Amino acid sequence: MASSDSDENPDFLLSTLHSDSEEEPQEQKQNPNSALKELDHTHLLHSINATITIREVRSRGLSFQLWPAASSLVSLLDLNPSLLLSPSLQSKQTPLRILELGSGTGLVGIAAAALLGARVTLTDLPNVVPNLQFNAELNSLVVSLRGGFVSVQQLRWGDEQDAADVTSTEKFDLVVGSDVVYYEELIEPLLKAVEVFAKGETAFVMAHLRRWKKRDATFFRKARKNFIVEVLHKDPPLPEWRSGVAVYRLTAKK
């Protein structure tokens, strides 16, 4: 993804985000031995001295890759979870129930399950679900040893049936997401999904790397209509980007 602030939108990125197809991109078919086809990344969770492994399949598109905001959110969950969790969640006697929107590779949700001993539901588009399920199963032992549990469900933002299916399984204590703001066309569906799941005391904690000034401004302007938006944390600028990852908490206005 380009580091420019330009709002020019490559068509292939939009088609990747909306695609429900299981078909592999033509590029991968022509070069099945490409080094970008599949990569495994290990992540050391310092606070519990455990390692989780995440499979990327970069040739499949954006949702199959790791992005900076996910790593930043995992680091905070690992080293400073009190920054992200309200006092009531920190003192909760039963396992936290967490929903991740736009899970991608599942790094954040799987790490949260292991670090917090939480019941986590990973969600994404139907074509992303198989890789999410793979990563969840790959780390099931680490998660279960910490008392956590990970499930996977499809959730197309704005799809009422998908939302109903997810809400029927759990009442969530926390909703999380990372790098979920890409296109202006997806801002309204994303906010509708947040409105469905982040109600009352249930907040949406979002890690975000600002890439496009206009698009980001549109998201936060619309978000502030129904949510109180707080900045919880800011990373310094990354070497390859003009800004660093920021973590926000969105709480529904009463």
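Residues numbered from 1 in each chain as written. Predicted model: local features only at pLDDT ≥ 70, side-chain atom pairs only at ≥ 80, totals over all residues. Heavy atoms only, no water.

Novice: So what exactly am I meant to see when it comes to the nonpolar core here?
Specialist: Here is a general trend for soluble globular proteins: nonpolar side chains tend to be buried in one another's company. Residues L45, L84, I98, V120 and V247 are the most contacted members of the largest nonpolar core, which totals 46 residues. Those residues in contact with V247, other than ones at most four positions away along the chain, are L73, L76, L84, V205, M206, A207, E230, V231, L232 and H233. By size, the runner-up hydrophobic cluster in this structure holds 26 residues, among which are L155, V175, V181 and A198. (Core = buried A, V, L, I, M, F, W, Y, C linked by side-chain atoms within 4.5 Å. Buried < 20%, exposed > 50% of the residue type's maximum accessible area, 1.4 Å probe, protein only. Contact = heavy atoms within 4.5 Å.)

Novice: Can you walk me through unusual backbone geometry in this structure?
Specialist: With the exception of glycine, the majority of residues adopt a negative phi angle, and the majority of peptide bonds are in the trans configuration. Its identity as a non-glycine residue notwithstanding, N49 has a phi of 50 degrees, on the positive side. Mapped onto the secondary structure, N49 falls in the loop between β1 (39–45) and β2 (50–56). Here N49 falls in the exposed class, since its relative accessible area comes to 68%. (Helix = DSSP H or I, 4+ residues; strand = E, 2+ residues; numbered from the N terminus.)

Novice: Help me understand the packing of aromatic side chains, please; the structure alone is not making it clear to me.
Specialist: Using the criterion set out here, one finds three aromatic pairs in the structure. Seen in terms of ring centroids, F172 and F197 are 6.3 Å apart; in terms of plane orientation they differ by 75 degrees. Their pairing is edge-to-face. With F172 in the loop between α8 (160–167) and β6 (174–178) and F197 in helix α9 (residues 184–197), this residue pair connects regions lying 25 residues apart in the sequence. The ring of F134 has R55 lying over it, and the distance from NZ or CZ to the ring centre is 3.6 Å. Between R215 and the ring centre of W212, over which it is positioned, the NZ or CZ distance is 4.0 Å. (Phe/Tyr/Trp six-rings, centres within 6.5 Å; stacked < 30°, edge-to-face > 60°. Lys NZ or Arg CZ within 6 Å of the ring centre and 35° of its normal.)

Novice: Help me out: how do you make sense of the pattern of salt bridges in this one?
Specialist: Close approach of charged atoms allows side chains with opposite charge to pair. All told, the structure shown has 10 salt bridges when counted by the stated rule. With a closest N to O distance of 3.4 Å, D159 and R156 form a salt bridge. Judged by relative accessible area, which is 24%, D159 ranks as partly exposed. A salt bridge links R156 to D162; its shortest N-O distance comes to 2.8 Å. Overall, the relative accessible area of 28% leaves R156 in the partly exposed class. Accessibility expressed as a relative area gives 3% for D162, which makes it buried. Taken together, the shared-partner salt bridges in this structure form one network comprising K92, R97 and D173. (Salt bridge = Lys/Arg side-chain N within 4 Å of Asp/Glu carboxyl O.)

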